[in-house]
Amino acid sequence: MGDAKADGKGSQAPSPSQTPAPQQKSKGDGVTVEGLFERYRDDTGIPLDSFLKFFRDALLFHNAWTYGQAATCFFEMASHQPDGQGGSEPVLLLENFRKACKRYTRQSALVADVAATMGRPPDGVSQDAIDEWRWTGFTAMVGTNLQPEPRSKDDMLLNNWLLSTPIQMAVLESEYAIRRVYRRLCNAPTWYELEIDPQRKVSKMELSRMLRELIPRDKGGPLRPDDLSNAVRTGNHENTSREPGWRDTSSGDATFPEFLEMTLRCTLGTSSITIQDKDPGDPDYSRGFEPSTDGVAYAVERLKVVLTVLEEWYLLDLERENAKGSVDNKLSMDDSPIYDNAYTDVQMVFAHYCTGDAYSSALDYTNPNLRLSGTGVFRLCRDAGFMDQRVNLTVVRDAYVRAVGGGVAWWASSLNYDSLKRLLVSLAKLKYVDCRGIVAINLMVQKYLVPMAYMEVAENEVSAFVFQERNLKLLLLYEKHVEKMLNRFTTSREITMDETGSEIISHEGAHEGEEGGRRKGRRETPSWLTERAAGGANVRTVKVVTLIDITSFLRCLNILPDLIMTDEVPLVFNSIVNCVPSQQIPINDASMCVSQVMMTLIHAAFLGFSRPPYAAKYATQTGKVLSMFGRVEIAYHNIFNKFIPLETPDSFPSQHLSLLGLTLEGGLRDFLFQRRIERGMPLVSLDNKNSHPRLLEDEPFSDAER
């Protein structure tokens, strides 16, 4: 009461129209982990239902910390202890309970908002200081909201059923499907927008409308009015976490955990639900739920019916929007049903590429502070095997810049997990442009992201060189020009893909027939043709670079036989196209995209310029690669009779470098090459065209190359 008087509020008389409420705590000074542990523990530790009850009682649940996230955190940190009946049960011991609370403080947007009311940490402080600041917000929330005797203490349905392990496990399997419904009710494009804004909730009107339709007539409905009103009233965390005598202060809008709990209360209410898998003569075919006598199996059966209704509602709402022709532009990875069961795997992949740590239980994929650099995004796309004729390094860079926004260069920024998901969705729609948006996203998750979880892609000399900021800039500078040259060396391939994006039939056409037809097929740039075939399949003609094509291209650059031998080309080809362990293709059936061709050139440079007579002249990796692109410029000039139109970069950092101290020819060459690249100048002088290798187009193929 002394604090209240100091604030000028102690002398205010209570309103006669309401019951005076006990004073709330305003600080978390008395909140300790040990005290919370003692309050919610059983014999040996805190079980799942008590763990969830703590977050509910303290009003800690919101859109960034749901029942599913809390349950996942519990099972990741729990240890099995004797249950006193000859068995064991998972519980949280004191230190693991402390870790769970710290994970909450790190992920919760509410914690930061509360901590900000007590001041913000200065810029440049350590992460430990920020964690301590957030912990202050956590203890303040608990001290303010946690009451000695909350109203929900005697809620039998909540304590015995909704928080029980079987019900929570059934909900955990379907939480992301329910999230999609909630997100549509809130008109939020992505779940991330709901996580970062604690005040964004589903309105009371939308909530009531959705719950009234939860049990349609063909499923045994409609929902009884008393079940609806009881679910809305008792599922409201703000009101039921107060002590008796408090006035209801909630607006009626619901967070996702509240929406989920209200849905469960309606499911386990007195309204009839028809279990269509049962015989009509079965007593459980269509009736209400009785908490005191019914078992877990019947409760789960009712829950499955309701979850099916929610999924049908979501698909129907999606179909309505699809009729307007704008649904594909609004789809996110959260809309994918494949992602429902794979979100942990995708988060693990993200954490692995952010930190470089090995896949293990110690890899903290829940850290919201993780950021993935631009080079990490390029490496991820390459390691996933996602890059092809439509998705190359340039396309990935452009998608990255759009995902970051603000016109920031890719090397000067980084992505959080939500931005990476948006980037990957945009790439999936480009890669599978003939498929519907949701099919493209499903393919991205199922075929490329999920197999990457717990799979280490070994680094080699080429990838270690390529995935550095400076070297990626070099590849991006030349990629579109190499692609233009490759149009002369491609094979036309007709492929048939089914509705899932799987290839059904493929055969090559550019190298069939007379030699003149082969040359014509090389020189003409195949167009992307798309038509609808029988059975819902897509037939299109694509341009690919096969083993024969890359051999011809390397001869045009005078790499064969000057730098490497013909029998080495299949080995280089295989090391590039089969770098991903989960996607192994016979080299005679495989093909390359332009980005893989760029890596092939680097591999050939490392091999060829490390041998006499070039080894002494090109002593560094950079010198070898720049000399290789010098050959690319010569071949480009020979093909198109003009210099490569390199784009001038925005910066010229090498203008401050000095020649002082450079004594070796290789160092001088690197210095000059770097300055020419940064000024958008060709690497070589092409005044005497006759001194350079001529085009190979008019030379016949050898039997080995065929």
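Computed from a predicted model, the values in this text were never measured in an experiment.

Another point: the overall build of the protein chain. In terms of regular secondary structure, the protein chain is built from 29 helices and 10 strands. Residue burial in the protein chain is summarised as follows: out of 706 residues, 51% are buried. Sequence-distant contacts in the protein chain: of pairs separated by 6 or more residues, those separated by 24 or more amount to 69%. Within the structure as shown, the protein chain displays about 32,600 Å² of accessible surface, and the carbon and sulfur contribution to it stands at 50%.

Within the protein chain, residue pLDDT values average 82, and 80% of them lie at 70 or more. For the stretch residues 1–26, pLDDT sits under 50, and the model shows 19 contacts to residues farther than four places along the chain or on other chains. In this model residues 688–706 is a low-confidence stretch, pLDDT under 50, and it forms 37 contacts with partners more than four residues away in sequence or in other chains.

With that settled, the discussion passes to the packing of aromatic side chains. Taken as a whole and assessed by the stated rule, the structure comprises 36 aromatic pairs. Consider the rings of Phe609 and Tyr614, whose centres lie 5.3 Å apart with planes at 80°: the pair is edge-to-face. A residue is classified by how much of its surface remains accessible, and Phe609, at 1% relative accessible area, is buried. Overall, Tyr614 belongs to the buried group, its relative accessible area being 17%. Looking at Arg287, its charged tip hangs above the ring of Tyr298, at a distance of 4.2 Å from the centre. A cation over an aromatic ring shows up here: Lys484 above the ring of Phe640, its NZ or CZ 4.6 Å from the ring centre.

For any two helices packed against each other, one specifies the crossing angle of their axes together with the interaxial distance. It is at 9 Å that the axes of helix α4 (residues 67–77) and helix α9 (residues 165–186) come closest, and there the two elements cross at 130°. Relative to α9, the element α4 lies oblique. Helix-helix and strand crossings are classified by hand; for α4 and α9 the assignment is left-handed. Residue-level inspection shows Tyr67, Gly68, Gln69, Thr72 and Phe75 of α4 in contact with α9, the latter providing Thr165, Gln168, Met169, Leu172, Glu175 and Arg179.

Right, let's talk about the environment of Thr308 for a bit. Following the sequence through the fold, Thr308 ends up in helix α15 (residues 296–323). By relative accessible area, which is 38% here, Thr308 ends up partly exposed.

As a further point, take the nonpolar core. Note on soluble globular proteins: their nonpolar side chains tend to be buried together. Within the largest apolar cluster, 191 residues are counted, with the highest numbers of intra-cluster contacts made by Phe51, Phe54, Phe97, Ile550 and Phe553. Non-local contacts of Phe97, meaning those with residues more than four positions away in its chain, are made with Val33, Leu36, Phe37, Ile46, Phe51, Phe54 and Leu92.

Residues that lie three or four places apart on an α-helix share one face, since the helix turns once every 3.6 residues. In this model helix α28 (residues 621–640) runs 29 Å from its N-terminal to its C-terminal C-alpha over 20 residues, within 8% of the 28 Å that 1.5 Å per residue would give. Within α28, 19 of the 20 residues are buried, leaving the element largely enclosed by the surrounding structure. Where α28 terminates, the next one or two residues include Asn641, which has phi positive at roughly 60°.

Summed over all chains, the structure comprises 31 salt bridges. For Arg180, the salt bridge goes to Glu311, with nearest N and O atoms at 3.2 Å. Of this pair, Arg180 sits in helix α9 while Glu311 sits in helix α15, placing them 131 residues apart in sequence. Relative accessible area serves as the criterion here: at 1%, Arg180 is assigned to the buried category. Each of the salt bridges in this network shares a partner with another, and the network as a whole consists of Arg56, Asp155, Glu261 and Arg265.

This part covers the environment of Pro90. Within the fold, Pro90 resides in strand β2 (residues 88–91). Residues Pro90 and Met77 lie 13 residues apart in sequence; the distance between their C-alpha atoms is 9.2 Å. If near-sequence neighbours (up to four positions away) are discounted, Pro90 is found in contact with Pro47, Phe74, Phe75, Ala78, Ser79 and His80.

Another point: the pairing of strand β1 (residues 79–82). Sheet analysis places β1 next to β2, joined by four bridges and oriented antiparallel. Residue pairing in the sheet places Pro82 in a bridge with Ser88 of β2.

All right, on to helix α3 (residues 48–57) then. Most of α3 sits inside the fold, with nine of its 10 residues counted as buried. For α3, the full list of buried residues reads Leu48, Ser50, Phe51, Leu52, Lys53, Phe54, Phe55, Arg56 and Asp57. Immediately downstream of α3, the backbone of Leu59 shows phi near 55°, a positive value.

What follows deals with unusual backbone geometry. A cis amide bond, omega 10°, links Gly221 with the succeeding residue Pro222. We note that Asn187 has phi near 55°; this positive angle belongs to a residue other than glycine. Although it is not a glycine, Asn641 sits at a positive phi angle of roughly 60°. Here Asn641 is to be found in the loop between α28 and α29 (665–678). Look at Asn641 and you get exposed, because its relative accessible area is 53%.

With that settled, the discussion passes to the side chain of Arg382. Residue position: Arg382 is located in helix α18 (residues 374–383). For Arg382, a relative accessible area of 10% puts it in the buried group.

Moving on, we come to the environment of Arg212. One can find Arg212 in helix α11 (residues 204–212). Under the relative-accessibility criterion, Arg212 is labelled partly exposed at 48%. Arg212 sits 13 residues away from Pro225 along the chain, and the two C-alpha atoms are 8.2 Å apart. Every residue in contact with Arg212, bar those within four places of it in the chain, is listed here: Leu223 and Leu228.

Reading guide: rules and limits
- Within any chain, residue numbers begin from 1 and follow the written order of that chain's sequence.
- With the structure being a predicted model, the display of local features is reserved for residues of pLDDT at least 70 and the display and counting of side-chain atom pairs for 80 or more, all residues being used for whole-chain, interface and lining totals.
- Heavy atoms throughout the structure, all of them, feed into the side-chain values; hydrogens and water do not.
- Only DSSP runs of H or I reaching four residues or more are called helices, and only runs of E reaching two or more are called strands; each is numbered from the N terminus.
- Remark: exposure states derive from per-residue accessible area (1.4 Å probe, protein chains only) relative to the maximum for the residue type, with buried under 20%, exposed over 50%, and partly exposed in between.
- In this description, contact between two residues means that some pair of their heavy atoms is separated by no more than 4.5 Å.
- Reported accessibility uses the Shrake-Rupley method at a 1.4 Å probe radius. Residues are deemed covered only where the shown protein chains occlude them.
- Every residue is assigned a pLDDT by the predictor, reflecting its confidence on a scale from 0 to 100.
- Under the pairing criterion, centres of Phe, Tyr and Trp rings, with the six-membered ring standing for Trp, must be within 6.5 Å; the plane angle then separates stacked pairs below 30 degrees from edge-to-face pairs above 60, leaving the rest tilted.
- Any Lys NZ or Arg CZ found within 6 Å of a ring centre and within 35 degrees of that ring's normal is scored as a charge over the ring.
- Angles shown run from 0 to 180 degrees and are taken between the N-to-C directions of axes, each axis being a line fitted to C-alpha atoms and, for helices, limited to the stretch in contact.
- Under this scheme an angle from 65 to 115 degrees is roughly perpendicular, one under 35 degrees roughly parallel, and one over 145 degrees roughly antiparallel; angles in between are oblique.
- Crossing handedness follows the turn of the near helix against the far one: under a right angle anticlockwise gives a left-handed crossing, and clockwise gives a right-handed one.
- Here the nonpolar core consists of buried residues drawn from Ala, Val, Leu, Ile, Met, Phe, Trp, Tyr and Cys, with membership extended through side-chain atoms lying within 4.5 Å.
- By this rule, a helix spans an expected 1.5 Å times one less than how many residues it contains.
- Any Lys or Arg side-chain nitrogen found within 4 Å of a carboxyl oxygen on Asp or Glu counts as a salt bridge.
- Here, any two strands with at least 2 DSSP bridges between them count as paired.

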